[in-house]
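Listed below, chain by chain, are the residues.
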Amino acid sequence: MTRDRTFLLDTCVLLWWLSGDPRLTGAWEERLRVARAQESAASIWESAIKHRLGKLPISPIDLITAANQAGFEALPVTAAHAAATAALQPSKPSWPMPV
């Protein structure tokens, strides 16, 4: 099996995949099954916040374990990634941040 495509999974897609949610269509499940799929440390961070607030039942540790078992690669957020955000175009932030 070649993994010539790489997908960075959005937090929702990661959760849908791991829970078998029907919002992730069969076609996308197959694409992800044969592709190189990555989950971002930012998705785990977002999930941890929602778990702490009681809005997500799965713990971040269990989410990491499930993603590893599914064969997803962890994509870290480095200091260089954080610094690169200074070059992004400004947007109007929504405060407080929606959760």
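Preceding block: the structure.
Residues numbered from 1 in each chain as written. Predicted model: local features only at pLDDT ≥ 70, side-chain atom pairs only at ≥ 80, totals over all residues. Heavy atoms only, no water.

### With respect to the overall build of the protein chain
Link 1 in the chain: Each helix and strand counted, the protein chain has five helices and three strands in total.
Link 2 in the chain: Each helix and strand of the protein chain, ordered N terminal to C terminal, gives the series β-α-α-β-α-α-β-α.
Link 3 in the chain: Out of the 99 residues in the protein chain, the part that is buried amounts to 21%.
Link 4 in the chain: Contacts spanning at least 24 positions in sequence make up 76% of the contacts within the protein chain whose residues lie at least 6 apart.
Link 5 in the chain: Summed over all atoms, the accessible surface of the protein chain reaches about 7,100 Å², with 61% contributed by carbon and sulfur. (Helix = DSSP H or I, 4+ residues; strand = E, 2+ residues; numbered from the N terminus. Buried < 20%, exposed > 50% of the residue type's maximum accessible area, 1.4 Å probe, protein only. Contact = heavy atoms within 4.5 Å. Areas by Shrake-Rupley, 256 points an atom, 1.4 Å probe, with all protein chains shown as cover.)

### Things to note about the environment of Asp 4
Link 1 in the chain: Position of Asp 4 relative to the elements: it lies in the segment before β1 (6-9).
Link 2 in the chain: Taking relative accessible area as the criterion, Asp 4 reaches 66% and is therefore assigned exposed.

### Focus on the pairing of β1
Link 1 in the chain: Here β1 shows a buried face lined by Phe 7 and Leu 9 and an unburied face lined by Thr 6 and Leu 8.
Link 2 in the chain: In this structure, β1 lies alongside strand β2 (residues 36-40), joined through four bridges in parallel fashion. In the strand pairing of β2, Leu 8 is matched with Gln 38. (Pairing = 2+ DSSP bridges.)

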